[in-house]
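Read off the chains here:
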Amino acid sequence: MKLHWQILLSLALGVVFGILVPETTPYISWIGDLFMNALSMLIVPIIFFSIATSISGIQETGSGLKKLGFRTMAYYVLTMVIAIFTGLFLVTLIEPGSNVQIGDAVDLPHSAEQLSTRDIITGFVPKNIFYAFTQNSTFPVILIAILTGLFLPKISSEGRRSLVGFFKGGLELTLQITKTVIRLSPLGIFAIVARQFGMTADFWALIQTILMYFLTVSAGLAIHMFVWLPLLLRFGYNVKPWLHLKNMSTALITAFSTASSGATLPLTLHAVEHKDGVSAKITNFTIPLGAAINMDGTALLECVAVIFIAQAYGIDLSIVQQILIVFTSLLCAIGAAGIPMAALVMMALILNVVGLPLEGIGLIIGVDRILDMMRTTVNVYGDTCVAVMVAKSEGEKLAIDR
């Protein structure tokens, strides 16, 4: 049985167990705690190795490609920021998690702390590097990873080769461990979901709340794909957005059915180059780079999911904490490529940053499969839009020009 079917089965069993025998859920909750601890354990190595490896890779490209790379990165960051703020607006407006409260927010061990802007800024630079790593201090680790990636190409070739090999090997090792943890996820999800439903008196309200979360994310993905990106192409770069969407249809359908940007890559490359008319140089650089770092749909989902979990636990997030969520969602989306069940792992990271309970992931895991297909489609479409934007900024004439 495939993993996603195992997860759906464990979800259904957890719901039934939590509703029928809620008094027994405290005796199995430790299984969910083990699973969440395993995810938390992976946060620091995933952040450090993925960011350091990605930035050093861009730094080591030739000067021409480096310029193109930073321009492409800027466009990718722009589209992801638009996606995140779309999700933030919708989840704040609709408040899908406000109709139910799980447990008592005051008694949560990881209850969100009210941090000032000054605390956040000063917290970026750790007094002790090793303390930052051992305490899961996310932002200092991110800063250390960025600095490592930026300065790695400037050291001697011998030291650079050794460290690059170490970072790439560390990332591969972390991903292998992550795959093992994910294979055990059905057990953890069963225990977490059983506890969530066992703690909730009105389980029908909880189901309706999860459905509202699904609709909120779906609406955000649709707005980003069919409104913001076409408007950006039409008025920012004077191309025909609907013709571009038509040209990408085969790649987008494949992305939806496989839920994999990597599996869609050959079709995406062909469509962008031969149907839109983007040069091979730009296509072959921007599209693979986008598959690795551009995750519009993932960034939107993570932002909505974290705020939804806070709403469900009755935790009011300050403006500063919401800014933290936006910033961390952006960084997590960039570093999520290649990670099994990336949204789940990165969501644990964001929850850790703002001090929200990791077990809240159990609320949204049941609808994650279909949302995975939808957000992958948006991710791929965002890659193709950026390829067009870069081509136009380089002065190319395209088949979709107005």
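Residues numbered from 1 in each chain as written. Predicted model: local features only at pLDDT ≥ 70, side-chain atom pairs only at ≥ 80, totals over all residues. Heavy atoms only, no water.

Trainee: Sorry if this is basic, but what is going on with the environment of Phe49 here?
Mentor: Residue position: Phe49 is located in helix H2 (residues 29-59). Residue Phe49 is classed as buried on the basis of its relative accessible area, which comes to 12%. Once the C-alpha coordinates of Phe49 and Gly159 are considered, the two residues, 110 residues apart in sequence, prove to be 17 Å apart. (Helix = DSSP H or I, 4+ residues; strand = E, 2+ residues; numbered from the N terminus. Buried < 20%, exposed > 50% of the residue type's maximum accessible area, 1.4 Å probe, protein only.)

Trainee: Looking at this structure, I do not really get the packing of aromatic side chains. What am I missing?
Mentor: Each pair of aromatic rings is reported with the distance of its centres and the angle of its planes. Here the structure, examined in full by the defined rule, presents 9 aromatic pairs. The interplanar angle of 55° and the centroid separation of 5.6 Å between the aromatic rings of Phe166 and Phe167 together place this pair among those described as tilted. Judged by its relative accessible area of 6%, Phe167 falls in the buried class. One aromatic cluster is present, built from ring pairs that chain together Phe48, Phe49, Phe133, Phe166 and Phe167. (Phe/Tyr/Trp six-rings, centres within 6.5 Å; stacked < 30°, edge-to-face > 60°.)

Trainee: Would you mind showing me how to read the pattern of salt bridges here?
Mentor: Think of it this way: side chains of opposite charge can pair up when their charged atoms draw near. Within the structure shown, the criterion is met by 5 salt bridges. Among the salt bridges present, the one from Arg71 reaches Glu394, with a minimum N-O distance of 2.5 Å. Here the residue Arg71 occupies a position in helix H3 (residues 63-94), and Glu394 occupies one in the segment after helix H17 (368-393), the gap between them amounting to 323 residues. Of the charged contacts, one joins Arg375 and Asp368 as a salt bridge, the two residues approaching to 3.1 Å between their closest N and O atoms. As far as the burial class goes, Arg375 and Asp368 line up, both buried. Residues participating in the shared-partner salt-bridge network are Asp368, Asp372 and Arg375. (Salt bridge = Lys/Arg side-chain N within 4 Å of Asp/Glu carboxyl O.)

Trainee: Just to check I follow, could you spell out a nonpolar patch on the surface for this structure?
Mentor: A cluster of nonpolar side chains, Phe89, Leu93, Ile94, Leu211, Met212 and Leu215, forms an exposed patch at the surface whose accessible area comes to about 570 Å². Going through the elements one at a time, H3 and helix H9 (203-237) are the ones with two or more residues in the nonpolar patch. One can find Leu215 in helix H9. Judged by its relative accessible area of 42%, Leu215 falls in the partly exposed class. (Patch = residues over 30% accessible without salt bridge, like charges linked within 9 Å, V, L, I, M, F, W, Y side chains within 5 Å. Areas by Shrake-Rupley, 256 points an atom, 1.4 Å probe, with all protein chains shown as cover.)

Trainee: Any chance you could explain the environment of Ala191 here in plain terms?
Mentor: With respect to the element layout, Ala191 can be found in helix H8 (residues 185-199). Note: C-alpha distance between Ala191 and Leu11 (180 residues apart in sequence) is 9.0 Å. With near-sequence residues (within four places) excluded, Ala191 lies in contact with Ile28, Ile31 and Gly32. (Contact = heavy atoms within 4.5 Å.)

Trainee: So what exactly am I meant to see when it comes to helix H11 (residues 249-258) here?
Mentor: Note on helix geometry: an α-helix contains 3.6 residues per turn, so any two residues three or four positions apart are oriented the same way. Of all the positions in H11, only Ala251, Leu252, Thr254 and Ala255 are classed as buried. Looking straight down H11, one finds that the buried residues subtend no more than 160° of arc, so they occupy a single side. If you follow the buried residues of H11, they end up packed against H9, helix H10 (241-247), helix H12 (261-275) and H17. At the exit of H11 stands Ala259, carrying a positive phi of roughly 55°. (Arc of directions from axis to C-beta.)

Trainee: How should the packing of H11 against H12 be read in this particular structure?
Mentor: In helix packing, the relevant descriptors are the interaxial angle and the interaxial distance, both defined with respect to the helix axes. In contact at an axis separation of 9 Å, H11 and H12 are set at 165° when each is read in the N-to-C sense. Taken together, H11 and H12 sit at an angle that is classed as roughly antiparallel. Both H11 and H12 take part in a crossing whose hand is left-handed. Between H11 and H12, the residues in contact are Thr250, Ala251, Thr254, Ala255 and Thr258 and Ala263, Thr264, Leu267, Thr268 and Lys275, respectively. When the residues that make up the contact of H11 with H12 are grouped by side-chain class, the tally is 4 nonpolar, 5 polar and 1 charged. (Axes fitted to C-alpha atoms, helices over the stretch in contact; angles between N-to-C directions. Parallel < 35°, antiparallel > 145°, perpendicular 65-115°, else oblique. Left-handed = near helix turned anticlockwise from the far one by under 90°. Nonpolar A, V, L, I, M, F, W, Y, C, P; charged D, E, K, R; others polar.)

Trainee: What's the story with the confidence of the model for the protein in this structure? I'm lost.
Mentor: If pLDDT is low for a region, its predicted coordinates should not be looked at in detail. Residues with a pLDDT of 70 or more make up 91% of the protein, whose mean pLDDT is 84. The secondary-structure element of the protein with the lowest mean pLDDT is helix H4 (residues 117-123), recorded at 71, while H10 shows the highest, at 95. Taken together, the stretch residues 105-112 has pLDDT below 50 and engages in 16 contacts with residues farther than four places along the chain or on a different chain. (pLDDT = per-residue confidence, 0-100.)

Trainee: What am I meant to see in the environment of Leu371 here?
Mentor: As for its placement among the helices and strands, Leu371 is situated in helix H17. Once residues within four sequence positions are removed from consideration, Leu371 is found in contact with Tyr213, Phe214, Val217, Ser218 and Leu301.

Trainee: Explain the side chain of Arg195 here, please?
Mentor: On the secondary structure map, Arg195 appears in helix H8. Among the residues examined, Arg195 registers a relative accessible area of 14% and is labelled buried. Residues in contact with Arg195, not counting those within four places in the same chain, are Thr25, Ser29, Asp33 and Glu359.

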